[in-house]
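So you can see what is in the structure, the chains are spelled out below.
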Amino acid sequence: MKAVMYHYVRGSTNRSPEYYHLDVADFRRQLDYFESEFGFADREAFLDVMKGNRETLPSGIVLTFDDGLRDHIEFVYPELEKRDLWGIFYVPTGPYENGTLLDVHRIHTLLGEVPGEKLLSHTEAVVDESMIPFKRREEYQTESYERQDNAEATTQVKRILNYFISDEYQTAVIDRLVERLGTTEPNVSSFYMTPAELGEMSDAGMIVGGHTVTHPVLSKLDMDQQ
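Since this is a predicted model, take the numbers as computed values, not measurements. (Residues numbered from 1 in each chain as written. Predicted model: local features only at pLDDT ≥ 70, side-chain atom pairs only at ≥ 80, totals over all residues. Heavy atoms only, no water.)

> Give me the nonpolar core: which residues, what numbers.
Membership of the largest hydrophobic core comes to 26 residues, with the highest contact counts inside it found for Leu110, Leu119, Val127, Ile160, Leu161, Ile165 and Val173. Among the elements that take part in this core, helix α8 (residues 152-164) stands out by supplying 6 residues, more than any other. Not counting residues up to four positions away in its chain, the partners in contact with Val173 are Val126, Val127, Met131, Leu161 and Ile165. The next biggest cluster of nonpolar side chains, apart from the first, holds 20 residues, and it includes Leu31, Leu63, Val76 and Met201. (Core = buried A, V, L, I, M, F, W, Y, C linked by side-chain atoms within 4.5 Å. Buried < 20%, exposed > 50% of the residue type's maximum accessible area, 1.4 Å probe, protein only. Helix = DSSP H or I, 4+ residues; strand = E, 2+ residues; numbered from the N terminus. Contact = heavy atoms within 4.5 Å.)

See below:
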């Protein structure tokens, strides 16, 4: 069994962030490839393993989708329905509880609106050394995002805002960047699926899983915090 994870998958839309995404036409081609080369894992067999009723994982592909994005109800779900496929949708609960975007998506919005070098300059101006613990600093610098093909300034912004600074400062730093740069942020209802839409997908055989409340970087937390 192989698990393949997606975030932004979209066709024609003006929805933020204009950062990166997989075009839905390419997603269709990937599904065609998975079908011809591997097939898709049987849903009930997969659930039996999760419940401890079966020892051997089924063969084939399991599709997973992170963050509860509107892309998933508009572009992903229709493709899965057409092919009689299922997927696991991992949804953070914070946006539904407090009505605000997750910090990780606010960072994506900034990256979509502001050139990397400019955003890095402003980030370095508002982030103080006191906000960055020394623990694991070298590891995060050398190992985070090493497989992403970003411009170096973009990668460094993501390292600073997601990994380097302590979580207690993250929201305030992003607030300051938004104020300095005059960027706009989408509202929750235009960015994430609604509870009713999640229920619709669940009723149709999709699996909705937990994805924390606020989407922290778990490697920054000790075991008790996790």
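Text resumes after the structure shown.
> Give me the pairing of strand β4 (residues 61-66): which residues, what numbers.
Taken across its 6 residues, β4 has 6 buried, putting it largely inside the fold. Of the two faces of β4, the one lined by Ile61, Leu63 and Phe65 and the one lined by Val62, Thr64 and Asp66 are each fully buried. As paired strands, strand β1 (residues 2-6) and β4 are joined by 5 bridges and run parallel to one another. From the neighbouring strand, Ala3 faces β4, where its bridge partner is Val62. Both β4 and strand β5 (residues 88-91) contribute to a ladder of 3 bridges, which runs parallel. (Pairing = 2+ DSSP bridges.)

> Please provide a residue-by-residue account of the sheet that holds β1, values included.
Strands sit in the order β1-β4-β5-β6 across an open sheet of 4 strands; the sheet is parallel. Of all the strands in the sheet, the pair left with one neighbour each is β1 and β6 (207-210). Direction aside, the axes of adjacent strands within the sheet are offset by 25° on average. Strands in contact with helix α3 (residues 70-83) are β4 and β5; relative to β4, the strand with the most contacts, it is inclined by about 165°. (Axes fitted to C-alpha atoms, helices over the stretch in contact; angles between N-to-C directions.)

> Kindly report on the packing of aromatic side chains, identifying the contributing residues and their values.
Under the counting rule described, the total for this entry stands at 11 aromatic pairs. Summarising the aromatic geometry, the rings of Tyr33 and Phe38 are spaced 6.0 Å apart at their centres and angled 80° between planes, so their arrangement reads as edge-to-face. Given a relative accessible area of 38%, Phe38 falls into the partly exposed group. Members of the aromatic cluster, joined through ring pairs, are Tyr6, Phe27, Phe65 and Phe89. (Phe/Tyr/Trp six-rings, centres within 6.5 Å; stacked < 30°, edge-to-face > 60°.)

> Run through unusual backbone geometry, naming residues and quoting values.
If you check the backbone angles, Asp84 has positive phi at about 55° while not being a glycine. Structurally, Asp84 can be placed in the loop between α3 and β5. Exposure remark for Asp84: the relative accessible area of 72% places this residue in the exposed category. Here the phi dihedral of His215 falls at roughly 60°; this positive angle occurs in a residue that is not glycine. The topology assignment puts His215 in the segment after β6.

> Can you explain the environment of Gly39? Please cite residues and give values.
Tracing the sequence through the fold places Gly39 in the loop between α1 (24-37) and α2 (43-50). Residues within four places of Gly39 in sequence aside, it is in contact with Phe34, Gly60 and Ile61.

Remember that the coordinates give geometry; whether it matters functionally is a separate question.
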